[in-house]
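Here is how the chains run, residue by residue.
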Amino acid sequence: MPRIELEYFAQLGEQAGRRAETRETSETTAGALYEELRAAYGFALPAGQMRVAVNAAFRPWTQSLKEGDHVVFIPPVSGG
Amino acid sequence: MNRFLIADRAVDIGALRETLLKPEAGGFCTFEGWVRQTNDGRLVSAIEYEAFAPLAISEGRSILDEVMERFDITAICAMHRTGYLPVGDLAVWIGVAAPHRDAAFKACRYVIDEIKRRVPIWKREHYVDGQIEWVACHHVG
């Protein structure tokens, strides 16, 4: 199973209880990985209210994942 | 000239302004965002900003590129802070130099609106009563 590097920001970091982790997953897309993590950590936000970045670039939820990919789920932003 | 900075400590704004001084510019417009002492009726003591820096910088640069294409401006620079900022601290700074004022005002407005809409930065408010909360979004996705 590929190992994925995950980094968590804002409320996701609080809900996951960590800022980062390396995770082995059998899921093959960013969207499926989010659902797996949502079940594990109880993330409140549905994917439809978020975006996802793979290797520091915005990607669609259908983005396929490979060994070593760096994935960040982007909750609604609140800068400014 | 197109610079977007994420800074984890206070930045010398005078130095940023100096980088925008161009002989072909006749107007200069800035926007500053400050930490305000209230939000939604609650007393705020500080705001903590967190950014996914690599993506925040690339998205910020995209915004500045768009602005250079859309508006007749000479130079632009924007800075967003991260970390713990007490009331009164500068959280955002945008400076735009242009041949004429209209484009400078419009470009400045465009940049702050787009930062709020799409740059991966999040704020957590610290309240005077001791509570701490992530702020609900400005926009979705």
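These numbers were taken from a predicted model, which means no experiment stands behind them. (Residues numbered from 1 in each chain as written. Chains lettered and ligands numbered in written order. Predicted model: local features only at pLDDT ≥ 70, side-chain atom pairs only at ≥ 80, totals over all residues. Heavy atoms only, no water.)

1. Some words on the overall build of chain B
Basically, it comes down to this: Where helices and strands are cited, they refer to DSSP runs of H or I of at least four residues and of E of at least two residues respectively, numbered from the N terminus. It is over C-alpha atoms that the radius of gyration is taken, and the globule rule equals 2.2 Å times the number of residues to the power 0.38. Accessibility here uses a 1.4 Å probe with only protein chains present; expressed as a share of the type maximum, an area under 20% marks a residue as buried, one over 50% as exposed, and anything in between as partly exposed. Accessible surface is estimated by sampling points in the Shrake-Rupley manner with a 1.4 Å probe; for residues, cover comes only from the protein chains shown. None of His or the chain ends enter the tally, which takes Lys and Arg as positive and Asp and Glu as negative. Lys charges are placed at NZ, Arg charges at CZ, Asp charges at CG and Glu charges at CD.
Scanning chain B for helices and strands turns up three helices and nine strands. Starting at the N terminus and ending at the C terminus, chain B contains elements arranged as β-α-β-β-β-α-β-β-β-α-β-β. In terms of overall dimensions, chain B is globule-like: its C-alpha atoms have a radius of gyration of 16 Å, near the 14 Å expected for 141 residues. With the principal axes as the frame, chain B shows a C-alpha extent of 50 × 30 × 25 Å. Burial status across chain B gives 46% buried among its 141 residues. With the model as given, the accessible surface of chain B reaches about 7,100 Å², and the carbon-plus-sulfur share is 49%. Taking the average place of the 17 positive charges on the side chains of chain B and the average place of its 20 negative ones, the gap between the two points comes to 2 Å.

2. Side note on the sheet that holds strand S4 (residues 57–59) of chain A
Residues and elements named next belong to chain A. Basically, it comes down to this: Strand pairing is assigned whenever DSSP detects at least two bridges linking the two strands. Helix axes are fitted only over the stretch in contact, all axes being lines through C-alpha atoms; the angle between N-to-C directions runs from 0 to 180 degrees. We call two residues contacting when some pair of their heavy atoms lies within 4.5 Å.
Pairing is mixed across the open sheet formed by five strands, whose spatial order is S2-S1-S5-S3-S4. Single-partner strands in this sheet number two, and they are strand S2 (20–24) and S4. Across the sheet, the mean angle separating the axes of adjacent strands is 35° when strand polarity is ignored. Both strand S1 (residues 3–7) and S2 contribute to a ladder of five bridges, which runs antiparallel. Bridge pairing in S2 links glutamate 5 to threonine 22. The strands touched by helix H2 (residues 30–41) within the sheet are S1, S2, strand S3 (51–54) and strand S5 (70–74), with S2 carrying the most contacts at an inclination of about 110°.

3. Topic: the side chain of Glu114(B)
Residue and element names in this part refer to chain B. In plain terms, the rule: Polar contact is the term for a pair of N or O atoms within 3.5 Å; when the atoms are in protein, one must be able to donate a hydrogen and the other to accept it, and sequence-neighboring residues count only if both atoms are side-chain atoms.
Among the structural elements, glutamate 114 can be located in helix H3 (residues 101–118). Judged by relative accessible area, glutamate 114 falls into the buried class, the value being 11%. Separated by 3.0 Å, the side chains of glutamate 114 and arginine 117 make a polar contact.

4. Re the packing of aromatic side chains
Inclusion rule: Pairs were defined over the aromatic rings of Phe, Tyr and Trp, the Trp ring being its six-membered one, requiring ring centres within 6.5 Å. Orientation was assigned from the angle between planes: stacked under 30 degrees, edge-to-face over 60, tilted for the rest. Whether a charge sits over a ring depends on NZ of Lys or CZ of Arg being within 6 Å of the ring centre and within 35 degrees of the ring normal.
Here the structure, examined in full by the defined rule, presents 10 aromatic pairs over all chains. Geometrically, the ring pair formed by Tyr34(A) and Phe43(A) is stacked, given 5.7 Å between the ring centres and 10° between the ring planes. Grouping residues by exposure puts Tyr34(A) and Phe43(A) together as buried. One aromatic cluster in this structure is built from Tyr8(A), Tyr34(A), Tyr41(A), Phe43(A), Trp61(A) and Phe73(A). Sitting over the ring of Phe58(A), Arg51(A) keeps its end group 3.7 Å from the ring centre. Here the basic side chain of Arg42(B) rests over the ring of Tyr127(B), its NZ or CZ set 3.8 Å away from the ring centre.

5. Looking at the pairing of S1(A)
Residues and elements named next belong to chain A. The two faces of S1 differ: Ile4 and Leu6 on one face are buried, but Arg3, Glu5 and Glu7 on the other face are not. Of the strand pairs in this sheet, S1 and S5 are connected by three bridges, and their pairing is parallel. Within the sheet, the bridge partner assigned to leucine 6 lies in S5 and is valine 71.

6. Re the pairing of S3(A)
Residues and elements named next belong to chain A. Note that S3 and S5 share four bridges and pair antiparallel. Residue pairing across strands places arginine 51 opposite isoleucine 74, the latter belonging to S5. In textbook terms, the turn of a hairpin is the stretch between consecutive antiparallel strands, and for S3 and S4 this stretch comprises two residues, one of which, asparagine 55, has a positive phi near 50°.

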